[in-house]
Amino acid sequence: MSLSTWSVATTPFNSVTSLIPHDGLKELDIPYHVLETIHYAHLEVDAAGVVSLPGNSPAHPRQWPLIRRLYDTVLICLVEFFTTVISNSGSSVVDAALPVLGVSRLSTLCCFTTLYLLGQGFGGLILPPITESFGSKYIYVGSTFGYALICLIIGLAPSLASVTVCRTLSGILSAMPTVVAVGSIENIWNASERVWMIYMWSFFGTIALSIGPVYATYITESSLGWLWVFNIAATVLGVLAILCCFMKESRPALVLQAHVRALKQSTHFTGLTPANQMTRPTLSEFAKTTLLLPLRLFFTEQLVFLISLMGATVISIPYLFTEALTVVYHDSEHLTTQQTSLVFLPLAAGLIPTLLTRLWDQHLASSRHRAHKTLQPEDKLTGFLLAAPLLAAGLWWFGATVPPLVHISPWISIASLLLVGFASLEFDYVLSGYLTDVYGSHAASANAAMCFLRAVVGGVYPLIGRQLFTTWLGGANNATFVLAGVATGYCGVAVWFRVGGVRIREASKFAKETVEKERASL
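Residues numbered from 1 in each chain as written. Predicted model: local features only at pLDDT ≥ 70, side-chain atom pairs only at ≥ 80, totals over all residues. Heavy atoms only, no water.

Under the annotation held in an unreviewed UniProt entry, the protein chain carries the name Major facilitator superfamily (MFS) profile domain-containing protein and is attributed to Friedmanniomyces endolithicus. You can read under Subcellular location (unreviewed entry) in the UniProt record for the protein chain the words "Membrane". (UniProt positions renumbered as here; feature names shortened; annotations may be inferred.)

Okay, structure coming up:
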């Protein structure tokens, strides 16, 4: 064992009260009871008194009991589900809220949907680096409580001012489960386990996009009215906020620092410091570098840039469909409002077959493990390779089977939404997971760039959706064909990532440095 890697787990505990380096250059006085306490805390200390948290230590978040890790992960997914339901409910309450807000339909739509998503994009830029440096537990608690309170304000005191301010603020707070969750999952699950955990998180979020319009439409047209869309959300999220109080901080750097502080207090020995690569930055360092990290990754990392563009256009499609499907099925096919909202359910049903791709991912991970081979991020791109052509096929199919081009049974075009639903989840899961695997502890910041662009596109889609599918491009058919053409181009990108992804990653200096730091901490 070298001088820099003294391990308490292998240090003999006898009457010796100091560690003496082999070369005799320096004697480091660490009292026996301190060494023993560090040993029982499952930590390591080197000859300079620097304490580290090994990846195989029971104290490391990835080695916590299974029930502990599942509690935190499932809770994050539930918060993501309910906040996303509310995010895509805005367009469905617009017509009912018009008399209360007293402005045009477009302005009301902007208040309920566009401002929410722009707020989410802003929150996606500032919250990930904050949690990566200062922890996420208390921000989860505060953001969920805040979201519940904001929904309650809208439900009890609706006005143009309250809706405008509250929807913007709730959008900012929603970035915690929508963006930061990826980093939280990376902290507590290893690469093979993340196959299912990120899938669960993506599944909850994507199915919520499809359920949101159905939920809002049926509540709005019931005896309760549109205000109860937010009253119910306030109640549910208030309960989830209480449950968030029982989460544990999962950032390894902060877990280590908490252990070091506890060691100093219990042993009254102040010579211990946390490992350098895990130290918390000062506020000035944080403001200069970490806070701008999502923007820096977007403009300097080829992977982040391309994935953000693809994710923004595909994952935001449900926001476009809140207006587009109304044009196609309510205005042209003359379905009722409630019947039109049910058209979103095939998008949700399309998520079910994604379970098969996860089983394949798990099979591949197990095979690599048995063969003692490392599972590479590109090995988990199968879903992306399937989703790209299926998305293109679904959009071409939809565009060719709706009015005004043809007037046939609406069930034919509705069936195409199964493919779109499948692709939307695969894009979300695979692309988010890929960034998580590549950028490790900075996964939240890498995904923040995609979240920001997705939020901007998703906020603009409802504003232009009706015009896009009626007048601007000559009708719903041409508008869908444009989207289908873009999706067709993504098929080539999927193949490029699978074949040349390793070379792209190796060309990223930032990604390589992140991986090397994490390996050094294990």
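The structure having been displayed, the exposition proceeds.
**A short note on the nonpolar core**
Core analysis: the biggest nonpolar cluster contains 145 residues, and F321, F427, Y439 and F497 have the highest contact counts within it. Tallying contributions element by element places helix α18 (residues 410–439) first for this core, with 14 residues. In this structure, F427 is in contact with M310, V314, I315, F384, A387, A388, L391, S432 and Y490, ignoring residues within four places of it in sequence. (Core = buried A, V, L, I, M, F, W, Y, C linked by side-chain atoms within 4.5 Å. Buried < 20%, exposed > 50% of the residue type's maximum accessible area, 1.4 Å probe, protein only. Helix = DSSP H or I, 4+ residues; strand = E, 2+ residues; numbered from the N terminus. Contact = heavy atoms within 4.5 Å.)

**Regarding a nonpolar patch on the surface**
Where nonpolar side chains cluster on the molecular surface, the patch consists of Y71, F145, V239, I242, L243 and F246 and spans about 530 Å² of accessible area. Per element, the largest residue contribution to the nonpolar patch is three residues, and it comes from helix α8 (residues 227–244). Here V239 is to be found in helix α8. On the basis of relative accessible area, V239 is assigned to the partly exposed category, the value being 46%. (Patch = residues over 30% accessible without salt bridge, like charges linked within 9 Å, V, L, I, M, F, W, Y side chains within 5 Å. Areas by Shrake-Rupley, 256 points an atom, 1.4 Å probe, with all protein chains shown as cover. Salt bridge = Lys/Arg side-chain N within 4 Å of Asp/Glu carboxyl O.)

**With respect to the environment of R69**
For R69, the location among the structural elements is in helix α2 (residues 66–87). A relative accessible area of 8% places R69 in the buried class. Residues contacting R69, with those up to four places away along its chain left out, are P61, R62, W64, I188, W189 and E193.

**Description of empty space enclosed by the protein**
In the structure shown here, the tally under the stated rule is six cavities of 30 Å³ or more. Approximately 140 Å³ is the volume attributed to the largest cavity. In terms of lining residues, the largest cavity is bounded by 13 residues, among which E80, T84, T178, L209 and R454 are the most central. Residue assignment for the lining of the largest cavity shows that the elements contributing at least two residues are α2, α4 (105–134) and α7 (191–220). Taken as a whole, the second largest cavity spans an internal volume of roughly 90 Å³. Around the second largest cavity, the lining residues are R194, V195, I198, P377, K380, L381, Y429, V430, G433, Y434 and D437. (1 Å grid on protein atoms, 1.4 Å probe; cavity = no way out; pocket = protein on both sides within 12 Å on 5 of 7 lines; lining within 4 Å. Points joined across faces, edges and corners; volume = space filled by probe spheres on them.)

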